[in-house]
Amino acid sequence: MNLQEIAKKFRVSDNFLNSKEDGLVIVATSLQDIIRELNSGKIDENRKQSIIEKLERLIDFSKEVKNSSF
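Starting from 1, residues in each chain are numbered consecutively following that chain's sequence as written. Given that the model is predicted, a residue must reach a pLDDT of at least 70 before its local features are reported, and side-chain atom pairs must reach 80 or more before they are shown or counted; all residues, however, enter totals for whole chains, interfaces and linings. The basis for every side-chain value is the complete set of non-hydrogen atoms in the structure, without hydrogens or water.

To form a nonpolar core, buried Ala, Val, Leu, Ile, Met, Phe, Trp, Tyr and Cys residues must be joined to one another through side-chain atoms within 4.5 Å. For each residue, the accessible area found with a 1.4 Å probe, counting protein chains only, is set against the maximum for its type, and the residue is called buried under 20%, exposed over 50%, and partly exposed in between. Grouped together as the largest cluster of nonpolar side chains are 13 residues, with contacts concentrated most on Ile6, Val12, Leu17, Phe61 and Val65. Each helix corresponds to a stretch of at least 4 residues labelled H or I by DSSP, and each strand to a stretch of at least 2 residues labelled E; elements are numbered beginning at the N terminus. It is helix α3 (residues 45-66) that provides the largest number of residues to this core, a total of 4 residues.

Written as structure tokens, this is what we have:
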């Protein structure tokens, strides 16, 4: 996949994903958001599952960006 296809698949604006380095910035920002969510208070089972899904999606995004072509 190229970066435009990955952006579309993960619903990221292709303006923010112009290089693999941009992918790293997206991952870092996403991790910051997840940390904020974890620090926001009690985590019930639904919220825990939501966080796990976000992390799994972030893993998939990271792998696809790493293996992307231009």
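With that settled, consider unusual backbone geometry. Of note in this structure, Arg11 is not a glycine but carries a positive phi near 55°. Looking at the element boundaries, Arg11 is found in the loop between α1 (3-9) and α2 (20-39). The class for Arg11 is exposed, based on a relative accessible area of 77%.

Below, the discussion takes up the pattern of salt bridges. Salt bridges are counted wherever a side-chain nitrogen of Lys or Arg sits within 4 Å of a carboxyl oxygen of Asp or Glu. With the rule as written, the count across this model stands at 4 salt bridges. Across the pair Lys9 and Glu64 runs a salt bridge whose closest N-O atoms are separated by 2.5 Å. Placement of Lys9 in helix α1 and of Glu64 in helix α3 is noted, with a sequence separation of 55 residues between them. In this structure, the salt-bridge partner of Glu37 is Lys54, at a minimum N-O distance of 2.7 Å. Residue Glu37 is found in helix α2, and its partner Lys54 is found in helix α3; the two are separated by 17 residues along the sequence. When its relative accessible area of 15% is taken as the criterion, Glu37 is described as buried. Lys54 gets classed as partly exposed once you look at its relative accessible area, which sits at 37%.

Below, the discussion takes up the environment of Lys20. Summarising the element assignment, Lys20 is placed in helix α2. A relative accessible area of 29% places Lys20 in the partly exposed class. Separated by 26 residues in the primary sequence, Lys20 and Asn46 place their C-alpha atoms 32 Å from one another. We call two N or O atoms a polar contact when they sit within 3.5 Å, provided that within protein one can donate a hydrogen and the other can accept it, with sequence-adjacent residues counted only if both atoms are side-chain atoms. Only 2.9 Å separates the side chain of Lys20 from the backbone oxygen of Lys66, close enough to count as a polar contact.

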